[in-house]
Amino acid sequence: MRQKLLWISSAAAVLALGFGGGYLARGPAEVSEAELLIRSARVLWGLTLTTPQLQLMTEDLKDNLKAYAAIRRESIPNDLLPALEFHPRGAAPPVPAAAAPPTGRRFTRPTNIEELAFRPVTELAELVRTRQVTSMELTEMYLARLKRHDAQLHCVVTLTETLAREQARRADAEIAAGRWRGPLHGIPYGAKDLLAVPGYPTTWGTTPYRDQVLADTATVVRRLEEAGAVLVAKLTLGELAWGDVWFGGQTRNPWNLKEGSSGSSAGSAAATAAGLVGFAIGTETWGSIVSPCTRCGVTGLRPTFGRVSRAGAMALSWSMDKIGPIARSADDCAVILDAIRGPDGLDPTVTDAPYRIPARRPLDRLRFGYLKPLFEGDYPARANNAASLATLRRLGARLEPVELPPGPVDALAFILSAEAAAAFDELTRSGGLDRMARQTRDAWPNVFRSARFIPAVEYIQANRLRTRLIADTNALFERVDVLVAPAFEGDTLLRTNLTGHPCVVVPDGLDAKGAPTSITFIGRLFDESTVLAAAAAFQAGGRFEGRRPPGF
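1. So, the overall build of the protein chain
- From N to C terminus, the protein chain includes 19 helices and 15 strands.
- A globule of 552 residues ought to have a C-alpha radius of gyration of about 24 Å, and the protein chain, at 25 Å, matches this closely.
- The dimensions of the protein chain, computed from C-alpha atoms along their principal axes, are 80 × 50 × 45 Å.
- Long-range pairs, those at least 24 residues apart, make up 77% of the contacts in the protein chain between residues at least 6 apart in sequence.
- For the protein chain, the exposed area adds up to about 22,800 Å²; of that, 53% sits on carbon and sulfur atoms.
- Of the side chains in the protein chain, 64 bear a positive and 58 a negative charge, and the two mean positions are spaced by 3 Å.

2. Comments concerning the packing of helix 14 (residues 414–423) against helix 16 (residues 444–451)
- Contact geometry for helix 14 and helix 16: axes closest at 8 Å, N-to-C directions at 95°. Considering the angle they form, helix 14 stands roughly perpendicular to helix 16. Where helix 14 abuts helix 16, its residues Ser417, Ala418, Ala420 and Ala421 lie against Trp444, Val447, Phe448 and Ala451.
- Among the residues forming the contact of helix 14 with helix 16, the class breakdown is 7 nonpolar, 1 polar and no charged.

3. With respect to unusual backbone geometry
- Omega for the peptide link from Gly263 to Ser264 comes to 5°, which places this bond in the cis form.
- Assignment of secondary structure puts Ser264 in the loop between strand 7 (256–260) and helix 9 (266–273).
- A positive phi angle, close to 65°, is found at Ala241, a residue other than glycine.
- Looking at the secondary structure, you find Ala241 in the loop between strand 3 (230–235) and strand 4 (245–246).

4. Observations regarding the pattern of salt bridges
- Applying the stated rule across the entire model yields 27 salt bridges.
- Glu284 is paired through a salt bridge with Arg302; the nearest N and O atoms lie 3.0 Å apart. With Glu284 in strand 8 (residues 279–284) and Arg302 in strand 9 (residues 299–302), this residue pair connects regions lying 18 residues apart in the sequence.
- On the basis of relative accessibility, which here comes to 1%, the residue Arg302 falls in the buried class.
- Note that Arg307 and Glu528 form a salt bridge whose closest N and O atoms lie 2.7 Å from each other. Residue Arg307 is found in the loop between strand 9 and strand 10 (322–327), and its partner Glu528 is found in helix 19 (residues 528–540); the two are separated by 221 residues along the sequence. In this pair, the class of Arg307 matches that of Glu528, namely buried.

5. Observations concerning the packing of aromatic side chains
- Enumeration according to the criterion identifies 11 aromatic pairs in this entry.
- Here the aromatic rings of Phe86 and Phe305 are separated by 5.1 Å at their centres, their planes lie at 65°, and the arrangement is edge-to-face. Of this pair, Phe86 sits in the loop between helix 4 (51–72) and helix 5 (121–129) while Phe305 sits in the loop between strand 9 and strand 10, and the two are 219 residues apart along the sequence.
- Of the residues examined, Phe86 reaches a relative accessible area of 13% and is grouped as buried.
- On the accessibility criterion, Phe305 (1% relative accessible area) is buried.
- Arranged with centres 4.6 Å apart and planes meeting at 50°, the rings of Trp204 and Tyr209 form a pair that is tilted. Here the two residues Trp204 and Tyr209 agree in accessibility, since each one is buried.
- Each residue in the set Trp204, Tyr209, Trp242, Phe424, Trp444 and Phe448 is aromatic and connected to the rest through ring pairs, giving one cluster.

6. Some points on the environment of Thr272
- You can see Thr272 is positioned in helix 9.
- Using a relative accessible area of 1% as the deciding quantity, one classes Thr272 as buried.
- Between the C-alpha atom of Thr272 and that of Arg435, which follows or precedes it by 163 residues, the distance is 30 Å.
- Apart from residues no more than four positions distant in its own chain, Thr272 is found in contact with Val277, Phe279, Ala280, Val298, Ile326, Ala327 and Arg328.

7. Regarding the layout of surface pockets
- Estimates place the volume of the second largest pocket at around 690 Å³.
- Pro120, Arg328, Ser329, Glu545 and Gly546 are, among the 34 residues lining the second largest pocket, the residues nearest its centre.
- At the level of secondary structure, the elements contributing two or more residues to the lining of the second largest pocket comprise helix 5, helix 9, strand 14 (503–510) and helix 19.
- Along the lines of polarity and charge, the residues of the lining of the second largest pocket split into 16 nonpolar, 8 polar and 10 charged.

8. Focus on helix 9
- Counted residue by residue, helix 9 has 8 buried out of 8 residues, so it is predominantly covered.
- Gly275 lies just past helix 9 and shows a positive phi near 70°.

9. Quick notes on helix 17 (residues 456–476)
- The terminal C-alpha atoms of helix 17 lie 31 Å apart, and with 21 residues this matches the ideal 30 Å at 1.5 Å per residue to within 8%.
- Within helix 17, burial applies to Ala462, Asn463, Arg466, Leu469, Ile470, Thr473, Asn474 and Leu476. Along the long axis of helix 17, the arc covered by the buried residues comes to 130°, so they all point the same way. Looking at helix 17, the residues exposed on the side facing more than 90 degrees away from the buried face are Val457, Arg464, Thr467 and Arg468.
- Tucked inside the fold, the buried residues of helix 17 contact helix 14, strand 13 (482–486) and helix 18 (492–499).

10. Details of the pairing of strand 3
- Strand 3 sits mainly inside the fold: 6 of its 6 residues count as buried.
- In terms of strand pairing, strand 1 (residues 156–159) meets strand 3 through 3 bridges, oriented antiparallel. Paired with Thr158 across the two strands is Lys234, which belongs to strand 3.
- As defined by bridge partners, strand 2 (residues 188–192) adjoins strand 3 across 5 bridges and the pair is classed as parallel. Within the sheet, the bridge partner assigned to Pro188 lies in strand 3 and is Val230.
- Remark: the strand 2/helix 8 (residues 219–226)/strand 3 crossover connection has right-handed handedness.

11. Overview of the side chain of Glu174
- Tracing the sequence through the fold places Glu174 in helix 7 (residues 161–176).
- When residues no more than four places from it in sequence are discounted, the contact partners of Glu174 are Arg179, Arg181 and His185.

12. As for the sheet that holds strand 13
- With mixed pairing, the 11 strands of this open sheet are ordered in space as 1-3-2-8-10-9-14-15-13-11-12. One side of each edge strand has no neighbouring strand; the edge strands of this open sheet are strand 1 and strand 12 (398–401). In this sheet, adjacent strand axes meet at a mean angle of 30° when their direction is disregarded.
- The sheet contacts of helix 19 involve strand 9, strand 11 (367–370), strand 13, strand 14 and strand 15 (516–523), and relative to strand 14 the element is tilted by about 10°.

Rules and cut-offs
- Residues numbered from 1 in each chain as written.
- Predicted model: local features only at pLDDT ≥ 70, side-chain atom pairs only at ≥ 80, totals over all residues.
- Heavy atoms only, no water.
- Helix = DSSP H or I, 4+ residues; strand = E, 2+ residues; numbered from the N terminus.
- Rg over C-alpha atoms; globule rule 2.2 N^0.38 Å.
- Contact = heavy atoms within 4.5 Å.
- Areas by Shrake-Rupley, 256 points an atom, 1.4 Å probe, with all protein chains shown as cover.
- Lys, Arg positive; Asp, Glu negative; His and termini not counted.
- Charge placed at Lys NZ, Arg CZ, Asp CG, Glu CD.
- Axes fitted to C-alpha atoms, helices over the stretch in contact; angles between N-to-C directions.
- Parallel < 35°, antiparallel > 145°, perpendicular 65-115°, else oblique.
- Nonpolar A, V, L, I, M, F, W, Y, C, P; charged D, E, K, R; others polar.
- Salt bridge = Lys/Arg side-chain N within 4 Å of Asp/Glu carboxyl O.
- Buried < 20%, exposed > 50% of the residue type's maximum accessible area, 1.4 Å probe, protein only.
- Phe/Tyr/Trp six-rings, centres within 6.5 Å; stacked < 30°, edge-to-face > 60°.
- 1 Å grid on protein atoms, 1.4 Å probe; cavity = no way out; pocket = protein on both sides within 12 Å on 5 of 7 lines; lining within 4 Å.
- Points joined across faces, edges and corners; volume = space filled by probe spheres on them.
- Expected span 1.5 Å × (residues − 1).
- Arc of directions from axis to C-beta.
- Pairing = 2+ DSSP bridges.
- Right-handed = clockwise from strand over helix to strand, strands pointing away.

Written as structure tokens, this is what we have:
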């Protein structure tokens, strides 16, 4: 068996890898030897080949190798999109209800400004608008907290102090002159360090790009600047957006400093949970907002694929990457999404779909589905999730048990692996992967190398099944407005990342060990307004309101 695997590996190296060693380097004279190896490699393809068929193939494979070599001589930057674009399709998005302020409350400045560290954006915005608090005061308070607590959390890659003070001074001057831009004006925030900010490193969390400085401004960063927000820090991410380990160590969970904050939006979630920023920006390809928000006990929104431009963000998977806010409430996420959404002429996948900050909506007017079998399983968050369902019922929600349509969801996961390997092809072939911190099976170096063995035919077939998965999931949302699910049970997380449906993750308590747990609200394509309204109503029920990690 070991010899057979070696044959398969060697053949696949000839056909797919071409790293510069072995058969590719020695030229076409030895392609005949590849015939023997192809006989073993056919096991990977599930094909039966006759000798004449194999001989015909080898000539084409020689031509393919020449084509690969020609392509590799070209410079292909990470931000160059493929000509093939992914667009999840569904029914026309509904026109949202008219916007309304999340709350009519008036807020008063506390005696100690640091008491504002954990207040939601909706409250900070009112204090700044009424000039009870200045943007500069908030900015200096959050910068001081970032410096004080980063030694515990390892959540900061770069403080953007000079830029932050410039933006805060501008915000205060504009507000004093009566030019209030909206609820993010003067509010300090942090950005995951895969978003480009001129003049500062954009490290993507890994040593090979540690000194990288990009000239462009990510669209999300630019739009937040236009909204008047103040960037105080570039926050950590697991290397190339996986996990919570980066070149500076492991980002810690504020609730338990002995464990990581999960990833890959590790720093964004940890800093928000610890009251080091007013809000943060994260990204998700497969759980990178949901997972750290769950671990750190904060609220996150993964918008519909195509809602927010990825221009200026590190590309990992062109058909799965999404950018969204991490904050202290669904109301906060709603106003942040309003600032960052929409086409920019740079990311062709972005759809100009309607969106309004959601009005408060009685839950008995929404159709809720819940994945009953998943809630009945044996998992750590079960008790809190059951209590959350009870809270929803108490608030008037009628929960209908539903089932997700069948399909080989887990089998489609290699779509991400194939796209990520293409995004970092040059890093793989140059040997740069060896400089990354994590070198385990479940880390990018191994995945990038292994993904070279994925046939193009299988990648396309998987995406054809993905089309069916999207249609089947859309059909479910003809029966319900909001789907309630545990964060990690079943295949819901991967499924909705493949289909592009939006998700709000909300903390719903602490487990027996004192660790936060969460519940998720999933909506139809481009209907973030409804799913955010449902999550906000749930949070108003008070299951996690006011809780903060000890020591911060």
